[in-house]
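Single-letter residue listing:
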Amino acid sequence: MNVIFVGRKSGRVKQFDLRHPVIMSAAALMVLGILGTAFSIGVGLGARHGHGNPLDQLGNWSTELLRQKAQLEDTKRVLQEKVNALAMRVGQMNANVIRLDALGKRLTRMANLDDGEFDFGHPPSIGGAENGADGQPAQIPSLTAMVDDLQSQLSSREQQLGVLENMILSRELNKQVYPEGRPVQEGWISSYFGRRADPFTGYSAMHKGLDFAGQEGSKISAVAAGIVTFAGERAGYGEMVEINHGNGLATRYCHNEKLLVKQGQLIRKGQDVALMGSTGHSTGPHLHFEVLKNGAQVDPLRFVGEDR
Ligand SMILES: [Zn+2]
């Protein structure tokens, strides 16, 4: 393409070829410059336009709000699941308290202990099972209160069961060391405690024990747990075993054929300690059984549990 200029004064004609490379480059640069300016102005305007419109801003905010609400719902749901799990645990703890109560009650009854000292019968003041039963989801503050309450209940039960255990153990121990029952399985009572005619002299004399007549070599057993304080021959008594049971009580098993225990030995209730014989001051195979209270012989009959 050619552009022709005509000089006003000179009348000369000037012709430019627009296809000339220099002209083309200049034109291209100019176009680029115009486009660039227009673009930057447009961007600036567009940006100012977006911030400036309140409707667009509201749209952005509500989108953000919805997103945060969804997030909050998620968090609430996760939290509620945890609270529900906690409520279940509290319910289980409560069931354990109830079981402990039942155990305490049963032990108290079995041991014939005074229930007055224990309050196992009192139901827990709160009910974990009730919460949620009416369809209400568990709440954190009430759960915290329940946990505190259960904790104090459990420690109270623990203390009471400890006391109960000690009472039962010491009673069991007392029962073990208390002389009770017959020292022989077979044999009959041939002589009671008290004044009688001496079988050797015929004179009236004090008989300080209970005699059981029986077969030679039959077993003689301890009537209570204790420790052997003497095992050997003693004048008149023959081969004798003496057992100390504590609480000032002791028992003696005399005229034995054979001793089965040694001095210092620990003896359990019912353990065989000797075989029946007729050693010492004796007219025939029998056991002379004595019960001593604070070192003095007492009537063994009430310990044996038989009537005259
Ligand atoms: Zn005797």
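Not measured: the values here are computed from a predicted model.

Topic: the pairing of strand β5 (residues 204–207)
Where strand β4 (residues 194–197) lies against β5, four bridges are found, and the strand directions are antiparallel. Counterpart to G194 in the pairing with β5 is H207. Between β4 and the antiparallel strand that follows it, β5, lie six residues; G202 among them carries a positive phi value of about 85°.

Considering unusual backbone geometry
The phi dihedral of N247 falls on the positive side, at around 55°, and the residue is not glycine. A positive phi angle, close to 65°, is found at H255, a residue other than glycine. Mapped onto the secondary structure, H255 falls in strand β10 (residues 249–256). Here H255 falls in the buried class, since its relative accessible area comes to 4%.

Some points on the environment of Q297
Position of Q297 relative to the elements: it lies in strand β15 (residues 296–298). Between the alpha carbons of Q297 and A250 there is a distance of 9.2 Å; along the sequence they are 47 residues apart. Each residue touching Q297, except ones within four places of it in the same chain, is listed here: F193, K208, Y237, R252, E290, V291 and L292.

Let's talk about helix α2 (residues 54–110)
The end-to-end C-alpha distance of α2 is 82 Å, a good match for the 84 Å that 57 residues give at a rise of 1.5 Å each. Buried positions along α2 lie against α3 (140–177). With its phi angle positive at about 55°, N112 sits one or two positions after the end of α2.

Notes on the coordination of the zinc ion
Coordination of the zinc ion by the protein comes from H207 (NE2), D211 (OD), D211 (OD) and H288 (ND1), over a distance range of 2.0 to 2.8 Å. For the zinc ion, the four donor atoms are set out with angles of 52 to 153° between them, so the coordination reads as irregular.

Quick look at α3
For α3, which comprises 38 residues, the first-to-last C-alpha distance of 55 Å matches the rise-based estimate of 56 Å (1.5 Å per residue) to within 8%. Taken as a whole, α3 has its buried residues at L143, M146, L150, Q153, R157, Q160, L161, L164 and V177. In this structure, the buried side of α3 is in contact with α2 and β9 (238–246).

Some words on the pattern of salt bridges
With the rule as written, the count across this model stands at nine salt bridges. When the shortest N-O distance is used, the salt bridge between R182 and E306 registers 2.5 Å. Of this pair, R182 sits in the loop between α3 and β3 (188–191) while E306 sits in the segment after α4 (301–304); the two residues are 124 residues apart in sequence, bridging distant segments of the chain. In this structure R182 comes out as partly exposed when scored by relative accessible area, which is 26%. Put simply, R252 and E242 hold a salt bridge, and the shortest N to O gap is 2.7 Å. Of this pair, R252 sits in strand β10 while E242 sits in strand β9, and the two are ten residues apart along the sequence. Through salt bridges with shared partners, one network takes in D74, R77 and E81.

Digging into the sheet that holds strand β13 (residues 272–275)
Taken in spatial order, the three strands line up as β7-β13-β11 in an open sheet, and their pairing is antiparallel. The outermost strands of the open sheet, each flanked by one partner alone, are β7 (219–221) and β11 (258–259). Both β11 and β13 contribute to a ladder of two bridges, which runs antiparallel. The residue bridging K258 from the neighbouring strand is L275, located in β13.

Notes on the environment of G226
Here G226 shows up in strand β8 (residues 226–234). Residue classification places G226 among the buried positions, given a relative accessible area of 12%. Dropping the residues within four chain positions of it, G226 is found in contact with I243, N244, H245, Q265, L266 and I267.

What counts, and where the lines are drawn
- Residues numbered from 1 in each chain as written.
- Predicted model: local features only at pLDDT ≥ 70, side-chain atom pairs only at ≥ 80, totals over all residues.
- Heavy atoms only, no water.
- Pairing = 2+ DSSP bridges.
- Helix = DSSP H or I, 4+ residues; strand = E, 2+ residues; numbered from the N terminus.
- Buried < 20%, exposed > 50% of the residue type's maximum accessible area, 1.4 Å probe, protein only.
- Contact = heavy atoms within 4.5 Å.
- Expected span 1.5 Å × (residues − 1).
- Donors = N, O, S within 2.8 Å, 3.2 Å for Na, K, Ca; no water.
- Tetrahedral: all angles 85-135°; square planar, octahedral: opposite > 155°, others 65-115°.
- Salt bridge = Lys/Arg side-chain N within 4 Å of Asp/Glu carboxyl O.

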